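# Chain and residue survey
Residues per chain, in single letters:
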Amino acid sequence: MIPNLLDRIAGFFEKDFLFASFLPVLIFVTAIAATLSGVVGFQTTWLWIDSWKTLQKATAVSGVSIGVIVSAYVLNGLRPLLLRFWSGTLTVKFLRPFFRLGECVQQARYERLRRDEHEPSQWERLRSDFRGRVEDRMDASNPPIPADELEKLMSSVRRIPERASVKDVERVAEEIAGKYKSYNYNSLCALYELLYRNLCDRVECEREQIRETRAERDRRFGGVASMRATDLGNIIEAYNAYPYKRYQMEAEIFWPRLQKVIPQEFLKVAAEPRILLDFSLAMASLSGVYGFFASLGGPWLWTDLRWFFLALVAFTFSYIFYRIGVIAIEQYGALNRACFDLFRLELMYVLYRPHPGTLAAERQQWRELSQMVMYGETDGQDFVLRPRQ
C-alpha cells in the first residue's frame, strides 16, 4: 500500500506530468480566477477572501489544490485526444468539414513544393544557350573590342541584381553574344567569364533551392494518400513514413519494439521535445477553451469590449502555442528518424534475423518481418533466423 502511494507521489513530480499536464491546468485555473476577480473587482475579492476564517482558507486551498491535481490527471489522460485534434485526425462529424478544408490547403502546398522540385531549370537553359551562341559566332579575324565598350558591358554584368529574373539576365546575355559577330572572341574572354560565372552561381543556387524544397517536402509531408489538415499532422505522417521509404520498415509496428534496444540516454533526449509538444498542445487547447468562454460569456459580464480583448488574446496565445508544438514535433521527428537510422539493425539482431549484407537484403528482411507481424504470413518461404549466440 505504502510503496504504491510513494510511487504515485514520485510520479507526480516527474517532468512529463508537471510540464505537460499540471502546469497548463494551474495556468488555466489562475486565468479563470483572475478573470472572475476582475469581473467582481480585485479589491472586493481580496476583502472577501480576507474575511474568511483560517479553517475556511485552509479548506479552500486544499479544495483548489485537489481540483487542480485531479484536472491535471484528466488532462494527462486526454493527451492522445488533443494530439489527434491538433493533427487533424479526430473522427468527429462536425469537425470533418473544417479538416477537409485544411486538407485542401495542405494539398495545395504539397503540390506547389512538388512542382517547384521538378520544374525545369531556366538558369541552366540560359547558360547552355549563351554558351552555344558564343561558340557559333567565334571569329578570330574580327577586330578587338574597344576598351571603353568592353568596360561598359562588364559594368552592366556587375550591376545585375542578385534577384534578377531570367528575362533580365537573358537580355544582357543576348547583347554580349551579339558582340561576337563584330569583335574578336579573344578580346571578349574576360566579359564571357564574368557572365558565365554569374550564370553558374545562379544555377548552383537554383539546384540548392531544389534540394531544400525536396528536403522540406520530405520533412513536412508523408504523401498524397496520408494528407492531413494541419502542419502538425503532416509532420507526424512524414516521420512515420520515413522508415518505410528508407528501409521498408513499418513505423507503427516496429517503433514499440525499437524502444527496447534504444539506450536510455537517447530516449531521454528524444523525450524532451515530446514533453514540449504535450505542454504546447495542452496550453493551445486550454487557451482556446478560455477564448471560447470569454466569447460566450463576456458580453453578459461586461458592457464594453474587454471580453473581446480577452478572447482575442486567448485565441492568439492558442495559435502561438500551436506553432510551438509544430516546432517541437519537427525536433521530435528528427530524433525519431535518427532512432531508426542508428538502432534498426540492433532490433534486427534482437529479433534473431541474419545481419543483412546489403540495403536490398535489409529491406527484404523488414518486409518479411512486417508481413509476419501484421498478417502472420511469410509468403510460403522459409523464415530464416539467426542462431542464438
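Note that the coordinates shown come from a computational prediction; the quantities given were computed from them, not determined experimentally. (Residues numbered from 1 in each chain as written. Predicted model: local features only at pLDDT ≥ 70, side-chain atom pairs only at ≥ 80, totals over all residues. Heavy atoms only, no water.)

## Thoughts on unusual backbone geometry
Its identity as a non-glycine residue notwithstanding, Gln248 has a phi of 65°, on the positive side. One can find Gln248 in the loop between helix H11 (231-247) and helix H12 (251-258). The class for Gln248 is buried, based on a relative accessible area of 15%. Phi is positive for Tyr352, which is not a glycine, with a value near 65°. Accessibility expressed as a relative area gives 28% for Tyr352, which makes it partly exposed. (Helix = DSSP H or I, 4+ residues; strand = E, 2+ residues; numbered from the N terminus. Buried < 20%, exposed > 50% of the residue type's maximum accessible area, 1.4 Å probe, protein only.)

## A few points about the packing of H11 against helix H15 (residues 359-375)
At their nearest, the axes of H11 and H15 sit 9 Å apart, and the two run at 125° to each other. As summarised for this structure, H11 and H15 are arranged oblique, according to the angle between their axes. Where H11 abuts H15, its residues Lys245, Arg246 and Tyr247 lie against Leu359, Glu362, Arg363 and Trp366. Here the contact of H11 with H15 is composed, by residue class, of 3 nonpolar, no polar and 4 charged. (Axes fitted to C-alpha atoms, helices over the stretch in contact; angles between N-to-C directions. Parallel < 35°, antiparallel > 145°, perpendicular 65-115°, else oblique. Contact = heavy atoms within 4.5 Å. Nonpolar A, V, L, I, M, F, W, Y, C, P; charged D, E, K, R; others polar.)

## Structural notes on the packing of aromatic side chains
Within a pair of aromatic rings, the relevant descriptors are the distance that separates the centres and the angle that separates the planes. One pass over the structure, following the stated rule, counts 13 aromatic pairs. Considering the side-chain rings of Tyr192 and Tyr196, the 5.5 Å spacing of their centres and the 15° angle between planes classify their relative orientation as stacked. Taken together, the positions of Tyr192 and Tyr196, both in helix H10 (residues 189-220) and 4 residues apart, correspond to about one turn of that helix. Neither residue differs from the other here; Tyr192 and Tyr196 are each classed as buried. A centroid spacing of 5.9 Å and a plane angle of 35° characterise the contact between Trp255 and Phe340, whose relative ring orientation is tilted. Note that Trp255 is positioned in helix H12 and Phe340 in helix H14 (residues 306-350), a separation of 85 residues in sequence. Accessibility assignment for this pair places Trp255 and Phe340 in one class, buried. The cationic tip of Arg202 hangs over the ring face of Trp123; the distance from NZ or CZ to the ring centre is 5.1 Å. (Phe/Tyr/Trp six-rings, centres within 6.5 Å; stacked < 30°, edge-to-face > 60°. Lys NZ or Arg CZ within 6 Å of the ring centre and 35° of its normal.)

## A closer look at the confidence of the model for the chain
Averaged over every residue, the pLDDT of the chain is 86; the share at 70 or more is 93%. Of all the helices and strands in the chain, helix H1 (residues 2-12) carries the lowest mean pLDDT, 43, while H11 carries the highest, 93. Scored below 50 in pLDDT, residues 1-12 shows 7 contacts in the model against residues more than four places distant or in partner chains. (pLDDT = per-residue confidence, 0-100.)

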